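Letter by letter, the chains look like this.
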Amino acid sequence: MPGDNKPSFIPKRTPNKKSSQKKIVRRVYILDYIAYIVFFGGLIATAGVFVYELQTTNELVGIQDELVEERNNFSDAEMSEIVELEKRIDAAYDRVQNNVSIFSLLNALEDLVVESIRFKSLHLSREEDEKVAVDVVVSTDSFDSTIFQRRVLKGDELANGIVIQDLNVNVDRRVADAQGISNALSQQLGVETERIGFTLLLDIPRDNILFDPTVFREQPQLQGIERRSFPIPGESVEVDTEEQADETQTDDEVNEISI
Amino acid sequence: MNFGLFTHIILIGVTVFIGFVYIRPTLGEISVTQDKIHEHKMALEQAKNLNATLQALINKKSEIPDEGIKALFTYMPDTVDDITVLKDIENVVSRSGLFLVNIGTEGVPNDGRGDAQELIEAYSFNISLTGEYDKFKQFLGLIEQSDYPLHVTSMAIDAKSGSQSQEGVRSEDDGSVLDYSLTIESYSLVSNLIE
C-alpha cells in the first residue's frame, strides 16, 4: 500500500550508536597486600621479639638468682675446714703407711743371726721412706760361720741387698790358735777371741718391716715381748758344724762378698 | 582498599625502620643473653655439684666420731711442741728402765718425707741412751705405740766398754749394757696450708 507509512515494529538500527554495555574490570591491589603483609608482619615480629627478649631476660634473672642462692649456700669456712681435714688425713695416712717398726726389724735380725755371729755395733738409717739401710759390724770365730750366715741371709726375704765387706782376720787369735791357747786363756791374756770380722750391709725394704699395731694391741704393756739379748761379743758360740762343713773356704777370702 | 603509592612506601619504610632499629639489635641482645644463660646454667650446675659435694663431705665428717678427730689431730697436729715430746720420750725411757744420757732437738722443722712431703713438717730429736738390750727393745716398742708419730730415722747400737759409766748401770757390766743413739722424727701439718 503506497503511502502507508506505518512504523515497523522492528526497531530501527542506528549503525553508529555504540553499545552502552558496561565493561567489568577487576583490579588486584597487590602492592596493598604486600604493604599490609610487610607492615603487620613487622609488627608481629616486633611483638614476638619483645616477648622473647622479656622471656630470655627473665630466664637469665632467674638463673642468676639461683646462682646467688647457691653461692650463699656455699660456706668458705666449711670448705676450708673440709680441705684441711682432708690434707691432715692424707698426711697422717702417708705417715702411717710409711711407719716401719725398728722393734720388728731387730726381732727379724735376731732370728736371722746364727749363734756364732756376734755384733760389735749396729747402725741403721732410713733412706727416704723406701728402705732402711743397716750396717752391722760383726765378729765370728771362723769363715764357716761367715759363709753359713751368708747362706741364712740369702735364704730369707728380709733384705733385698746383702753385702759382706771389710772382711778381716785377727792375727792374734790365729797365733793363739797355733800355740794352743784356749779362748778363756786368750781373754785373760787380752787376746781377741774372735778370729773373723766383717761388716754386713743390708737394704731392708719398708714393706718387710711395716709397723703392725695388732702386735701391740694384743700385748699393750709389752709383757709378752720375748726377752732377748743383743748378740754381743763374748757370749757363747755355737756353730752348726754340719751345715758349715761343706762350705769351708780359705782365709784368703775376697774382702767383699756380695750376695 | 586503595592506598596510594606513598602510603605503601611509608608502611614498608616503617617496617624496615622497625626491623633495623628494634628487631635486629634486640635479636643480637637476645643472642648475648642466651650465651649468658648457657654460661650461668653451667656455673649453676657446677655450684650445685660443689654444694652437694661439700654437703656430702660435711655429712661424712660428722660421721667421724669425736675420738677419731681427736686422734687425728694428735697424730698430725698443727705444730709439734718440742718440750712435750722431749718429756714424753724421757717418760718412755724411764718406763723402759734405760738411762738417758742426752736428749735434744734440732729446733727447726725440716721438710717432710715421702709423697706427702709438701703437707708435712718434720721435727728431729736426738737421743742417747744406755742400758740393756731387752729394755731398749721395750723402749722401741713403747715409742712405736705412741699416739703421735715418733719414727726412728737413724739408730746406732754400740757394744762399748763401761768407760762412760753411769751409777748403777755399769757397775754390774757383763757386756749386756749397750749405748744407743737415735734420731727420732715427729711430724706436723705444714702451717698456712690452706692459704
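The rules we used
Residues numbered from 1 in each chain as written. Chains lettered and ligands numbered in written order. Predicted model: local features only at pLDDT ≥ 70, side-chain atom pairs only at ≥ 80, totals over all residues. Heavy atoms only, no water. Phe/Tyr/Trp six-rings, centres within 6.5 Å; stacked < 30°, edge-to-face > 60°. Buried < 20%, exposed > 50% of the residue type's maximum accessible area, 1.4 Å probe, protein only. Core = buried A, V, L, I, M, F, W, Y, C linked by side-chain atoms within 4.5 Å. Helix = DSSP H or I, 4+ residues; strand = E, 2+ residues; numbered from the N terminus. Contact = heavy atoms within 4.5 Å. Polar contact = N/O pair within 3.5 Å; in protein donor to acceptor, adjacent residues only side chain to side chain. Axes fitted to C-alpha atoms, helices over the stretch in contact; angles between N-to-C directions. Parallel < 35°, antiparallel > 145°, perpendicular 65-115°, else oblique. Left-handed = near helix turned anticlockwise from the far one by under 90°. Nonpolar A, V, L, I, M, F, W, Y, C, P; charged D, E, K, R; others polar. Buried area = accessible area lost by both parts, 1.4 Å probe. Salt bridge = Lys/Arg side-chain N within 4 Å of Asp/Glu carboxyl O. Patch = residues over 30% accessible without salt bridge, like charges linked within 9 Å, V, L, I, M, F, W, Y side chains within 5 Å. Areas by Shrake-Rupley, 256 points an atom, 1.4 Å probe, with all protein chains shown as cover. Pairing = 2+ DSSP bridges.

Visitor: Looking at this model, I keep getting lost on the packing of aromatic side chains. Mind explaining?
Guide: Centre distance and the angle of the planes are the two values used to describe a pair of aromatic rings. Taken as a whole, this structure holds four aromatic pairs over all chains when the rule is applied. For the pair Phe39(A) and Phe40(A), a centre-to-centre distance of 5.5 Å together with 75° between the ring planes defines the contact as edge-to-face. Classification of Phe40(A) by relative accessible area gives partly exposed; the value is 40%. Summarising the aromatic geometry, the rings of Phe136(B) and Tyr180(B) are spaced 3.9 Å apart at their centres and angled 5° between planes, so their arrangement reads as stacked.

Visitor: Would you mind showing me how to read the nonpolar core here?
Guide: Note on soluble globular proteins: their nonpolar side chains tend to be buried together. In this structure, Leu122(A), Val134(A), Phe136(B), Phe139(B), Leu140(B), Met155(B) and Leu182(B) are the most contacted members of the largest nonpolar core, which totals 57 residues. When residues of this core are assigned to their parent elements, the largest contribution, seven residues, is made by helix H3 (residues 102-112) of chain A. Not counting the four nearest positions on each side in its chain, Phe139(B) is found in contact with Ile89(B), Val92(B), Val93(B), Ser96(B), Leu98(B), Leu129(B), Leu182(B) and Ile184(B). The next biggest cluster of nonpolar side chains, apart from the first, holds 11 residues, and it includes Leu85(A), Ala91(A), Ala92(A) and Ala122(B).

Visitor: What is the right way to read the side chain of Thr183(B) from this model?
Guide: Residue and element names in this part refer to chain B. Turning to its location among the elements, Thr183 is positioned in strand S5 (residues 177-189). On the accessibility criterion, Thr183 (16% relative accessible area) is buried. A distance of 3.3 Å separates polar atoms of two side chains, one belonging to Thr183 and the other to Asn126. Setting aside anything within four residues of it in sequence, one finds Thr183 in contact with Ser124, Phe125, Asn126, His151, Val152, Thr153 and Ser154.

Visitor: Quick question: what am I supposed to make of unusual backbone geometry here?
Guide: For residues other than glycine, phi is negative in most cases, and the peptide bonds are mostly trans. Residue and element names in this part refer to chain A. Notably, Asp166 is not glycine yet its phi reads approximately 55°, a positive angle. Position of Asp166 among the secondary structure elements: in strand S3 (residues 161-169). Taking relative accessible area as the criterion, Asp166 reaches 41% and is therefore assigned partly exposed.

Visitor: Help me out: how do you make sense of the packing of helix H3 (residues 82-96) of chain B against helix H4 (residues 133-144) of chain B in this one?
Guide: Angle between the axes and distance between the axes: these two values describe a pair of packed helices. All names here are of chain B. It is at 9 Å that the axes of H3 and H4 come closest, and there the two elements cross at 140°. Taken as axis vectors, H3 and H4 run oblique relative to one another. Here H3 runs over H4; the crossing is right-handed. Mapping the contact onto sequence places Ile89, Val92, Val93, Arg95 and Ser96 in H3 and Lys135, Gln138, Phe139, Leu142 and Ile143 in H4. Looking at side-chain class alone, the contact of H3 with H4 contains six nonpolar, two polar and two charged residues.

Visitor: Please clarify how the interface of chain A and chain B should be interpreted in this entry.
Guide: It is common to give the size of an interface as the accessible area lost on bringing the parts into contact. Contacts between the two partners involve 74 residues from chain A, matched on the other side by 74 residues from chain B. Here chain A packs against chain B, burying approximately 6,800 Å² in sum over the two surfaces, 68% of which is carbon and sulfur. At the boundary of chain A with chain B, the tally comes to five salt bridges. Of the charged contacts, one joins Asp78(B) and Arg88(A) as a salt bridge, the two residues approaching to 2.6 Å between their closest N and O atoms. Viewed at the interface, chain B and chain A are joined by 20 residue pairs in polar contact (both at pLDDT 80 or more). Broken down by secondary-structure element, the contributors of at least two residues to the side of chain A that touches chain B are helix H1 (30-73), helix H2 (76-97), H3 and strand S1 (118-127) of chain A.

Visitor: Can you walk me through a nonpolar patch on the surface in this structure?
Guide: On the surface, Ile30(A), Leu31(A), Ile34(A), Leu5(B) and Ile9(B) cluster together into a nonpolar patch covering about 480 Å² of accessible area. Listing elements by their share of the nonpolar patch, those giving two or more residues are H1 of chain A together with helix H1 (5-63) of chain B. Counting residues per element, the nonpolar patch draws most heavily on H1(A), at three residues. Judged by its relative accessible area of 56%, Leu5(B) is exposed.

Visitor: Honestly, the pairing of strand S4 (residues 196-205) of chain A in this entry has me stumped. Any pointers?
Guide: Remark: a regular strand shows side chains that alternate across the two faces of the sheet. Residue and element names in this part refer to chain A. Burial analysis of S4 places eight of its 10 residues in the buried class, which makes it a mostly covered element. Strand direction decides the pairing type here: strand S2 (residues 131-140) and S4, joined by 10 bridges, are antiparallel. Opposite Asp135, over in S4, you have Leu201 as the bridge partner. In the sheet, S3 pairs with S4 via seven bridges, with the strands oriented antiparallel. Bridging across to S4, Gly161 finds its partner in Asp203.

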